Amino acid sequence: MVTILDVLHDKKLFAQLFKDQRTWHAWEVYLSALFGLPIRGEKDLELFRQATGLEEPPTVPARESYVICGRRSGKSYTSSILATHLSVFKDWSPYLAPGERGWVFIIATDKAQAGIIKGYISGIFDRVKMLRPYVQRETQEQIDLKNGISIAVKPASFRGVRGYTLVAAILEELSFYRSDESANPDKEIVAAIRPALATCPESMLIGISTPYAKAGHLYDMYKRYHGKADGPLIWVAPSRRMNSTLDPKMIERAVAEDPQAARAEWEATFRDDISAFINLEAVEAAVIPGRLELPPLADERYEAFIDPSGGSSDSFTMAIGHRGALGKVVIDAIRERRPPFTPSAVVAEYAELMKNYHIYRAKSDHYAGAWVPEAFKAHGITIDSSDMSASDYYLNVLPIILNGTAELLDNKRLVAQFASLERRVRPAGKDLITHPQGGGHDDICNSVSGVLVGLAKPAIRREIIWL
């Protein structure tokens, strides 16, 4: 059987892909461990022990493995090589029905990263002449091979992986999966992938990522299995250990400027300064199942809060609510317009809805542009800019949600955004509460928080605003 090391060192195959193959030797040690190949030499064994926390290398291939490495360590290119090897040099036909196609999936954080990885894979097939005859058809997203295997590169979505027979799945930058429809997209994607891999007893699930906060699937796997021989193979290594060509002075400067971020980015340590702000269960407990919107009532007093946007990147959102019985604060309506849109058209739409709820004065986000009050004024609505930031609103809305005072609409994007908020510890002053890096959003929960805090009793607001 052709091993991945055979392929890597064959000049007619993958060896020609590297300018200096010695700089990729650390990845060869990992791949040896992944496929249960012998690891010889004291230096290689020491690298294995440091990275895995294990004393003895495995002697059989791993069904599941997670690689936690810093930036520029070669993760994406290694994923591309691994996907190519598994699709071409492994015979999956014993596990596939006649005419059935097996799939190697690489799940990327977004379309842009998916395009980069697809470019790597296409480059491998184009440069290695011996691989070109395998290609049956190529599209922007996938490569179909004549042996019945396809390689597909997809952005992170648990819906996009269902209905396929997978022989391997590689989860790129697993710590940075984001979704406005799910509070735990990484865990949901893994949950969807594992059954798709069940058909093939030799299938592989591999997660490769720079670490981030101490939360999510990657951190769970690290905490549970690193240094243990009875679970997935967990490999942890700094960028320089996997890529010796990196400039150490560049990394030293990064650590000096921002120690927490740099240690995660380059030294492969999970960040201590970032944590989840509110757990999913607490948010879901405040949701009234099936309540999508409440109609306006003549005898209620309503408040509105808007989080404007110019229409190019962020959503333009609005929430409306009222103070209900027994001290409850109730969200009645939510609106979101995702870009692209025409701001003036959204202003007209929102102004009309406010008037339906007898609202002629509302608040807007602290960072709203000067155009916002003028735009609403033309429709008879006065807009006051808030004196609080989004982070201040989140700090103040937390006890309102936790103590059961809030009634939220059954809105998946609202729940996902609340549950994705992060608390970032700052050296001095209050903690910063914000959406996660790498494509996270908080436009809806910002508007909802503005309404909830505005509706809270003045005495409660004075007490909690300084938390």
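Our subject is the structure listed above.
Residues numbered from 1 in each chain as written. Predicted model: local features only at pLDDT ≥ 70, side-chain atom pairs only at ≥ 80, totals over all residues. Heavy atoms only, no water.

## Focus on unusual backbone geometry
Note that the residue after Pro 339, namely Pro 340, is joined by a cis bond; omega there is 0°. With respect to the helices and strands, the residue Pro 340 is situated in the loop between β12 (329-337) and α12 (343-356). Even without being glycine, Arg 72 reaches a positive phi, approximately 55°. Along the chain, Arg 72 falls in the loop between β1 (64-69) and α4 (75-88). (Helix = DSSP H or I, 4+ residues; strand = E, 2+ residues; numbered from the N terminus.)

## So, the sheet that holds strand β16 (residues 422-424)
The sheet built from three strands is open, its strands ordered β9-β16-β17 with antiparallel pairing. Edge positions in the sheet fall to β9 (274-276) and β17 (432-434), since each of these pairs with one other strand and no more. Taken over all neighbouring pairs, the strand axes of this sheet differ in orientation by 30° on average, direction set aside. As defined by bridge partners, β16 adjoins β17 across three bridges and the pair is classed as antiparallel. Across the sheet, the residue bridging to Arg 424 is Leu 432, located in β17. Packing against the sheet, helix α14 (residues 390-402) makes contact with β16 and β17, and its axis sits at approximately 95° to β17. (Pairing = 2+ DSSP bridges. Axes fitted to C-alpha atoms, helices over the stretch in contact; angles between N-to-C directions. Contact = heavy atoms within 4.5 Å.)

## Let's talk about the packing of aromatic side chains
For the coordinates displayed, the defined rule picks out 19 aromatic pairs. Centre to centre, the rings of Phe 14 and Phe 89 are 6.3 Å apart; their planes meet at 85°, and the pair counts as edge-to-face. Taken together, the residues span a long stretch of sequence, with Phe 14 in the loop between α1 (4-9) and α2 (25-34) and Phe 89 in the loop between α4 and β2 (102-108) at a distance of 75 residues. Each member of the pair, Phe 14 together with Phe 89, is buried. (Phe/Tyr/Trp six-rings, centres within 6.5 Å; stacked < 30°, edge-to-face > 60°. Buried < 20%, exposed > 50% of the residue type's maximum accessible area, 1.4 Å probe, protein only.)

Function cannot be inferred from these measures alone, as they are strictly geometric.
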